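Descriptive structure summary
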Amino acid sequence: QRRGAEFVMFSVPSYACQRRTSLDNRNAVLTDALSLLADNAELSGDEGRGVAFRRAAAVLKALPKPVTDTTQLRGLPCLGEHSLRVIKDILEDGASDEVESTRRSERYKALKVLTGVFGVGVKTADRWIREGIRDLQRLRDSGPALNRAQQAGLQHYDDLNQPVTRAEADAIAEIVERAVASVLPGAQTTLTGGFRRGKLTGHDVDFLITHPEEGREEGLVPKVVSWLESEGVLLYQKTARNSYLEGRDGPGRPSSSMDRFETCFSIFKLPREEKRGAGQTHGAACGPEAGHKPWRAVRVDLVVSPVSQFAFALLGWTGSKLFERELRRWARHEKAMSLSSHALYDNKQRRYLRAASEEEIFAHLGLEFIPPSERNA
Ligand code: CTP
Ligand code: MN
Ligand code: MN
Ligand code: MN
C-alpha cells in the first residue's frame with residue numbers, strides 16, 4: 001500500500017499513557033482544530049464528546065511527522081468518524097467549516113470569555129448567557145452576585161489571561177520555597193504541572209510540598225499562607241484541609257476522583273522584573289496601565305502531600321490532564337486497579353500497592369516509564 005517514499009503509515013498504541021508525547025507537535029493545525037471542538041463540547045456540557053476530541057487530538061500529537069493524507073491514519077486508535085471528517089476537511093480544503101463556524105459563533109465566544117474569569121465554570125457561564133450577560137462589561141455592570149474567587153478573577157482578568165513565563169514561574173518558586181523553608185525547615189517543594197513537563201508557558205504555576213517525616217507536613221498550608229500574607233504576596237487564596245483517609249476514601253471508593261490533599265488555590269502579586277527586557281521597549285500589547293503597574297497577578301496552586309503518598313501526588317499533579325485520565329482508564333480497564341493522586345489499589349488482590357517513585361507506579365501498572373517531558377498528550 002505504499003505510494004512512494006514520502007508516504008508514511010502511522011501506528012500508535014491506544015492509551016495516551018502507553019505513548020511518548022513531547023511538546024514537538026508536528027500536527028498543530030489539526031490538533032488546534034480538534035481542541036477547539038473539544039472546548040466547545042465541554043463548554044456545552046458534553047464531556048463525553050469533549051474527551052473523544054481530546055483523545056483524537058492526542059493521537060495526532062504523538063505522530064512523528066505531519067499527516068498529509070487521511071489514508072495514513074488507517075488503523076489508528078481514537079479517531080472517530082467525526083474527528084476523521086474534520087481532519088479530512090482541513091487536509092483537503094485547508095479548513096473545516098464546522099470548526100470555523102464554531103470559532104465565530106456568539107455562544108462559543110461568550111463561553112470562552114466568561115469561563116476565562118477565574119472561578120467561573122461552564123454552568124455559571126451558561127446561566128449568565130441565558131440571562132443576557134455575554135461579555136465582561138455586562139458582567140461588571142449588571143453584577144450578578146459574584147463570589148470571592150470570581151471577584152478576584154474579574155479584577156485581575158487581563159493578567160490572569162496572559163501566559164505565565166518560565167522566568168515568572170522560577171520567581172514564584174523562589175518565593176514559595178522561602179515561605180515553606182521558614183515555616184517548616186526540611187520541607188521539600190517541587191514544581192509540577194505543565195512547567196514540570198517542560199512547557200515554556202502556563203496558565204498557572206503548580207507546586208507539590210512534602211516533608212521526609214510523615215505527619216510533619218500536617219497543617220502546613222495555613223502556615224505558608226500566613227507567611228505569604230504577611231509579606232503582602234497574596235491577592236486571593238482559598239485553602240482546603242486534607243480530608244483523605246485510606247480505607248474510607250481509598251481509591252477503591254467512588255469519591256476517589258476528587259483530591260483530598262491540603263491545598264491552596266491562590267493569586268500571587270508578583271513584582272515585575274525591571275531588568276528583564278530592559279533593552280526592549282514595551283510592545284503595543286502592553287497597554288499604559290500594564291506598563292506602569294509594578295506587579296502582575298499570577299495563579300498559583302499549592303498542594304501538600306504526606307511523603308507516603310508523594311509519588312502518587314507527583315504523578316497526579318504533573319499532567320497533562322488527558323495523560324492522567326488515560327492512566328486511570330488504563331488502570332481500571334486493563335489492570336483492574338484504581339489509581340488516584342493518593343494511592344493505587346489492586347481490586348483483585350484487594351490491597352494497596354505502595355510506591356516511592358513514579359517509576360514504581362508505572363511498573364505496578366505494567367507500563368513503560370514515560371518521563372514528564374513525554375506526558376504532553
Ligand atoms: N489537577 C488535579 N486536581 C485539580 C486541579 C488540577 O489533580 N483540582 C491536576 C491536573 O489533572 C493536572 C495538574 O493538576 O494533571 C495540573 O493542572 P493545571 O495546572 O490545570 O494544568 P497544566 O497541565 O499545569 O497546564 P497549564 O500550563 O495551563 O497550567
Ligand atoms: Mn458527529
Ligand atoms: Mn498548571
Ligand atoms: Mn493548576
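Please refer to the structure placed before this passage.
Fair warning: this is a prediction, and the values are worked out from it, not measured in the lab.

1. A word on the packing of helix 2 (residues 47–61) against helix 3 (residues 81–93)
- In the contact formed by helix 2 and helix 3, the axes pass within 10 Å of each other and the chain directions differ by 50°. By the angle between their axes, helix 2 is oblique relative to helix 3. Judged by the sense of rotation from one axis to the other, the crossing of helix 2 with helix 3 is right-handed. From helix 2, R49, F53, A56 and L60 reach across to helix 3, where they touch H82, S83 and I87.
- Among the residues making up the contact of helix 2 with helix 3, the classes are represented as four nonpolar, two polar and one charged.

2. What to know about the side chain of S320
- Here S320 shows up in the loop between helix 14 (310–318) and helix 15 (321–335).
- When neighbours within four sequence positions are excluded, S320 is seen to be in contact with R197, R375, N376 and A377.

3. Structural notes on the pairing of strand 2 (residues 188–191)
- Residues T189 and L191 of strand 2 are buried on one face, while the alternating residues Q188 and T190, pointing to the opposite face, are not.
- Of the strand pairs in this sheet, strand 2 and strand 4 (residues 205–210) are connected by four bridges, and their pairing is antiparallel. Of the residues in strand 4, the one forming a bridge with Q188 is T210.

4. Re the sheet that holds strand 7 (residues 295–304)
- With mixed pairing, the five strands of this open sheet are ordered in space as 2-4-7-6-5. Sheet topology places strand 2 and strand 5 (234–240) at the edges, where each strand pairs with a single neighbour. With direction set aside, neighbouring strand axes in the sheet form an average angle of 25°.
- Set on the sheet, helix 8 (residues 148–155) makes contact with strand 5 and strand 6 (262–271); between it and strand 5 the angle comes to about 150°.
- Lying on the sheet, helix 14 is in contact with strand 2, strand 4, strand 6 and strand 7; it crosses strand 4 at an angle near 175°.

5. Observations regarding the site of ligand 1
- G194, R197, H203, D204 and K321 are the nearest of the 13 residues found near ligand 1.
- R197 is positioned such that a nitrogen or oxygen atom in its side chain is 2.8 Å from an oxygen atom of ligand 1.
- Side-chain polar atom of D206 to an oxygen atom of ligand 1: 3.0 Å apart, as the coordinates give it.
- Here ligand 1 has 590 Å² of accessible area as a free molecule, and 76% of this is covered by the chains.
- Of all the secondary structure elements, the ones that give two or more residues to the shell around ligand 1 are helix 11 (193–196), helix 14 and helix 15.
- Grouping the constituent residues of the shell around ligand 1 by class yields one nonpolar, six polar and six charged.

6. Some words on the environment of P212
- Within the secondary structure, P212 is located in the loop between strand 4 and helix 12 (220–230).
- Taking C-alpha positions, P212 is 44 Å from L76, a pair spaced 136 residues apart along the chain.

7. Details of the nonpolar core
- Core analysis: the biggest nonpolar cluster contains 39 residues, and L34, L60, L63, L73, L76 and L139 have the highest contact counts within it.
- Every element with two or more residues in this core is listed here: helix 1 (28–43), helix 2, helix 3, helix 5 (106–115), helix 6 (122–130) and helix 7 (136–142).
- If you tally residues by element for this core, the top one is helix 1, at seven residues.
- Listed in part, the 30 residues of the second largest apolar core include V205, C264, L270 and V300.

8. Digging into the coordination of the manganese ion (ligand 4)
- The protein atoms donating to the manganese ion (ligand 4) are D204 (OD), D206 (OD) and D301 (OD), with metal-donor distances spanning 2.1 to 2.2 Å.
- Summarised as a motif, the one-chain spacing of the donors to the manganese ion (ligand 4) is D-x1-D-x94-D.
- Separation of the manganese ion (ligand 4) from the manganese ion (ligand 3) amounts to 3.6 Å, with D204 serving as a shared donor to the pair. Of this pair, D206 sits in strand 4 while D301 is found in strand 7, placing the two residues 95 residues apart along the sequence. Note on accessibility: D206 and D301 belong to one class, buried.

So, how was this worked out
- Residues numbered from 1 in each chain as written.
- Chains lettered and ligands numbered in written order.
- Predicted model: local features only at pLDDT ≥ 70, side-chain atom pairs only at ≥ 80, totals over all residues.
- Heavy atoms only, no water.
- Axes fitted to C-alpha atoms, helices over the stretch in contact; angles between N-to-C directions.
- Helix = DSSP H or I, 4+ residues; strand = E, 2+ residues; numbered from the N terminus.
- Parallel < 35°, antiparallel > 145°, perpendicular 65-115°, else oblique.
- Left-handed = near helix turned anticlockwise from the far one by under 90°.
- Contact = heavy atoms within 4.5 Å.
- Nonpolar A, V, L, I, M, F, W, Y, C, P; charged D, E, K, R; others polar.
- Buried < 20%, exposed > 50% of the residue type's maximum accessible area, 1.4 Å probe, protein only.
- Pairing = 2+ DSSP bridges.
- Near = heavy atom within 4 Å.
- Polar contact = N/O pair within 3.5 Å; in protein donor to acceptor, adjacent residues only side chain to side chain.
- Areas by Shrake-Rupley, 256 points an atom, 1.4 Å probe, with all protein chains shown as cover.
- Core = buried A, V, L, I, M, F, W, Y, C linked by side-chain atoms within 4.5 Å.
- Donors = N, O, S within 2.8 Å, 3.2 Å for Na, K, Ca; no water.

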